[in-house]
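# Topology and contacts: notes
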Amino acid sequence: MEVVGRFAPTPSGRMHLGNVFAALVAWLSVRSRNGEMVLRMEDLDTQRTSGEYAEVLRQDLAWLGLDYDRETPPQSQRSGVYDVYFEKLREMGLLYPCYCTRSQLHGVNAPHLSDGTYVYPGTCRDLTQAQRDAFGRKPAWRVKVPEKLWELEDKVQGHYGLDLATDCGDMVVRRADGVYVYQLAVTVDDGEAGVTEVVRGMDLLSSAPRQMYLQELFGFPHPEYGHVPMLLAPDGRRLSKRDKDLDLGELRKRVTPEQLIGTLAYAGGLIDQKCAVSARELAKEFTWDRLKGDSIYLDAAQLG
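Residues numbered from 1 in each chain as written. Predicted model: local features only at pLDDT ≥ 70, side-chain atom pairs only at ≥ 80, totals over all residues. Heavy atoms only, no water.

It is worth spelling out the nonpolar core at this point. With 48 residues, the main nonpolar core has Leu17, Leu64, Leu260 and Leu264 as its most contacted residues. Of all elements in the fold, only α1 (17-31), β2 (36-39), α2 (51-64), α9 (248-251), α10 (257-267) and α11 (279-283) reach the threshold of two or more residues within this core. Per-element tally for this core: the top contributor is α1, with 11 residues. Of all hydrophobic cores here, the second largest spans 32 residues; its members include Phe86, Leu95, Met171 and Val195. (Core = buried A, V, L, I, M, F, W, Y, C linked by side-chain atoms within 4.5 Å. Buried < 20%, exposed > 50% of the residue type's maximum accessible area, 1.4 Å probe, protein only. Helix = DSSP H or I, 4+ residues; strand = E, 2+ residues; numbered from the N terminus.)

So, in structure tokens, the structure goes:
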């Protein structure tokens, strides 16, 4: 079966090194096996994203030598498609409106996991119609989750599992303003695009079981997953678009694509010596078992 991978950035600014590293590994995995690479703009949050940023992302990928075979429509143009899958969940009897406020969800008495994320306790699951009407405002919509352990063998992080009922709770799939959330949109986008391999940052590892559940409901096969380590600043901060000295807008002024790719490949364990190398050259020898699973620390002085 042909490998179909994807890179799905959010066009809200220049790519930082964490974005570049995830894009590089996704691309290397696909190209090393002569597969198909898909690009998708994840612009559900239209207040933060723009077509201008999307075009800059395409230009940066071209500069890095990370080509793609097709680009699927951005999420902002697919609400009608998501409507269809939302109705499927309704027909299955799995949806219900939720009126909980953000402060209620994050309150001190709400159940939380060790990482601080809350576990939804099912507050609105069994409300009567009269109770729902009494709120007088539009609800978010949640999908009921089963008591089941969803497990996967991640290409980088190894075995991972999540019981959605106890570790997550019923999931929001559409916000009160009508915008579909990440979990539903990504599941539908990957499923319809025929994606067989999802490569992204380790911070999204817990999303995999959530999406596996929705994949099963929608009749999509489960892709393989590879959650790459996070890139951190020397002080332990996660690199983000706020770190302007480490985004591509600044880096392109002082390093070549080969220097940048070589630095990331060496830091991630893909090559034994730091040297300038193109993505195309790296793809010839790429193997998943060389990639580090732990966080990678980088600062501006290491580049170039």
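This is not the end of the story, as more comes after the structure.
Let us look at the pairing of β2. Side chains of β2 alternate between two faces, with Glu36 and Val38 and Met37 and Leu39 buried alike. Looking at chain direction, strand β1 (residues 4-7) and β2 are connected through 4 bridges and run parallel. In the strand pairing of β2, Arg6 is matched with Val38. As a crossover connection, the stretch from β1 through α1 into β2 is right-handed. In this sheet, strand β3 (residues 70-71) lies alongside β2 in parallel orientation, the contact comprising 2 bridges. (Pairing = 2+ DSSP bridges. Right-handed = clockwise from strand over helix to strand, strands pointing away.)

Space left empty within the atom packing is revealed by a probe, the size of a water molecule, rolled over the atoms. Counting across every chain of the model gives 1 cavity of 30 Å³ or more. Space inside the largest cavity adds up to approximately 60 Å³. Lining the largest cavity are Phe7, Ala23, Trp27, Met37, Val38, Leu39, Leu61, Leu66, Asp67 and Tyr68. Of all the elements in the fold, those that place two or more residues in the lining of the largest cavity are α1 and β2. Broken down by element, the residue count for the lining of the largest cavity peaks at 3 residues, all from β2. (1 Å grid on protein atoms, 1.4 Å probe; cavity = no way out; pocket = protein on both sides within 12 Å on 5 of 7 lines; lining within 4 Å. Points joined across faces, edges and corners; volume = space filled by probe spheres on them.)

A few words now on α1. Compared with an ideal rise of 1.5 Å per residue, which puts 15 residues at 21 Å, α1 spans 21 Å between its outermost C-alpha atoms and is within 8% of the ideal. For α1, the tally of buried residues reaches 14 of 15 residues, placing the bulk of the element in the interior. (Expected span 1.5 Å × (residues − 1).)

The strand order β4-β5-β8 describes an open sheet built from 3 strands, whose pairing is antiparallel. Since the sheet does not close on itself, it has two edges, and those belong to β4 (95-98) and β8 (171-174), each with one partner. The mean angle between the axes of side-by-side strands here comes to 45 degrees, regardless of whether they run parallel or antiparallel. (Axes fitted to C-alpha atoms, helices over the stretch in contact; angles between N-to-C directions.)

For the structure shown, the criterion picks out 24 salt bridges. Residue Glu42 is joined to Arg40 by a salt bridge in which the shortest nitrogen-to-oxygen separation is 2.9 Å. A residue is classified by how much of its surface remains accessible, and Arg40, at 1% relative accessible area, is buried. Where Arg280 meets Asp67, a salt bridge forms, and the shortest distance between an N and an O atom there is 3.5 Å. In this pair, Arg280 sits in helix α11 while Asp67 sits in the loop between α2 and β3, placing the two residues 213 residues apart along the sequence. Through salt bridges that share partners, Arg6, Arg40, Glu42, Arg78, Asp189, Asp190 and Glu192 make up one connected network. (Salt bridge = Lys/Arg side-chain N within 4 Å of Asp/Glu carboxyl O.)

Below, the discussion takes up the side chain of Asp247. Turning to its location among the elements, Asp247 is positioned in the loop between β11 (231-232) and α9. A relative accessible area of 5% means that Asp247 is categorised as buried. One polar contact links the side chain of Asp247 to the main-chain amide nitrogen of Glu250, over a distance of 3.1 Å. Dropping the residues within four chain positions of it, Asp247 is found in contact with Arg14, Met15 and His16. (Polar contact = N/O pair within 3.5 Å; in protein donor to acceptor, adjacent residues only side chain to side chain. Contact = heavy atoms within 4.5 Å.)

Attention now moves to the packing of α1 against α10. Close contact between α1 and α10 brings their axes to 11 Å; oriented N to C, the two are set at 80 degrees. Taken together, the axes of α1 and α10 lie roughly perpendicular to each other. Taking contact as the criterion, the partners of Leu17, Val20, Phe21 and Leu24 in α1 are, on α10, Leu260, Ile261 and Leu264. (Parallel < 35°, antiparallel > 145°, perpendicular 65-115°, else oblique.)

This part covers the packing of aromatic side chains. Inspection of the entire model under this criterion finds 9 aromatic pairs. Geometrically, the ring pair formed by Tyr85 and Phe220 is tilted, given 5.8 Å between the ring centres and 35 degrees between the ring planes. Of the two residues, Tyr85 is situated in helix α3 (residues 79-91) and Phe220 in the loop between α8 (207-218) and β10 (224-228); the sequence distance between them amounts to 135 residues. Taken individually, Tyr85 and Phe220 each receive the classification buried, so the pair is uniform in this respect. Here the aromatic residues Tyr82, Phe86, Trp141 and Tyr180 are joined through ring pairs into a cluster of three or more. A cation sits over an aromatic face here: Arg90 above Trp141, 5.1 Å from the ring centre. Sitting above the plane of the Tyr120 ring, Arg142 keeps its charged end 3.5 Å from the centroid. (Phe/Tyr/Trp six-rings, centres within 6.5 Å; stacked < 30°, edge-to-face > 60°. Lys NZ or Arg CZ within 6 Å of the ring centre and 35° of its normal.)

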